[in-house]
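Structure assessment
Listed below, chain by chain, are the residues.
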Amino acid sequence: EVQLVESGGGLVQAGGSLRLSCAASGFTFDDYAIGWFRQAPGKEREGISFISSGDVSTYYADSVKGRFTISSDNAKNTVYLQMNSLKPEDTAVYYCAADRTIEWGSLTVVPGDYDYWGQGTQVTVSS
């Protein structure tokens, strides 16, 4: 059974840091791109950071460039999102998702392309 489980969310003051984890099981980890998305109240789901199948490339939305870093640990089947210099506007439910890529080494930023989703973890940044 394919599972993605996010953890690491919580309450933090502006300027602080959190590290989110996405633990994967039930599929060949290296064949999938992994994306981090977030959804704030009343807003559309937003893609913020992605890592390609095979860890060939990464992509960041402008809103998080220079503050967030995506990385993977293949031995643990886990992808991380290190979030620094957090702002109140970062408050959202954060989701990880996995996409079986058509071409090894590629990634997609389109939410509808992703095959599997985690349950989400809440991140709240206070002023």
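Here, the structure is the one placed above.
Residues numbered from 1 in each chain as written. Predicted model: local features only at pLDDT ≥ 70, side-chain atom pairs only at ≥ 80, totals over all residues. Heavy atoms only, no water.

In terms of helices and strands, the protein chain carries zero helices and 11 strands. Helices and strands in the protein chain line up, N terminus first, as β-β-β-β-β-β-β-β-β-β-β. Expected size for 127 residues packed as a compact globule is a radius of gyration near 14 Å; at 14 Å, the protein chain falls within 12% of this value. Each of the three principal axes of the protein chain carries a C-alpha extent, and together these read 40 × 25 × 25 Å. Out of the 127 residues in the protein chain, the part that is buried amounts to 43%. Of the contacts made within the protein chain by residues no fewer than 6 positions apart, 61% connect residues no fewer than 24 positions apart. Taken as a whole, the protein chain presents about 6400 Å² of accessible surface, with 46% of it coming from carbon and sulfur. Looking at charge distribution, the protein chain has the averaged site of its 9 positive side-chain charges lying 9 Å from that of its 15 negative ones. (Helix = DSSP H or I, 4+ residues; strand = E, 2+ residues; numbered from the N terminus. Rg over C-alpha atoms; globule rule 2.2 N^0.38 Å. Buried < 20%, exposed > 50% of the residue type's maximum accessible area, 1.4 Å probe, protein only. Contact = heavy atoms within 4.5 Å. Areas by Shrake-Rupley, 256 points an atom, 1.4 Å probe, with all protein chains shown as cover. Lys, Arg positive; Asp, Glu negative; His and termini not counted. Charge placed at Lys NZ, Arg CZ, Asp CG, Glu CD.)

Inspection of every chain in the model, using the stated rule, returns four salt bridges. Where Arg38 meets Asp90, a salt bridge forms, and the shortest distance between an N and an O atom there is 2.9 Å. Taken as a pair, Arg38 in strand S4 (residues 32-39) and Asp90 in the loop between strand S8 (78-83) and strand S9 (92-100) lie far apart in primary sequence, 52 residues in all. You can call Asp90 buried: its relative accessible area is 0%. (Salt bridge = Lys/Arg side-chain N within 4 Å of Asp/Glu carboxyl O.)

For the structure on display, the rule yields one disulfide. Through a disulfide, Cys22 is tied to Cys96; the S-S separation comes to 2.1 Å. Judged by the sign of its S-S torsion, about 70 degrees, the bond between Cys22 and Cys96 is right-handed. A residue pair is termed long-range when its members are at least 10 positions apart, and Cys22 in strand S3 (residues 18-25) and Cys96 in strand S9 qualify at 74 residues. (Disulfide = S-S within 2.5 Å.)

Tracing the sequence through the fold places Ser49 in strand S5 (residues 46-51). The exposure class assigned to Ser49 is buried, which follows from its relative accessible area of 0%. Not counting residues within four places of it along the chain, the set of residues in contact with Ser49 comprises Ile34, Gly35, Trp36, Tyr59, Tyr60, Ile70 and Leu81.

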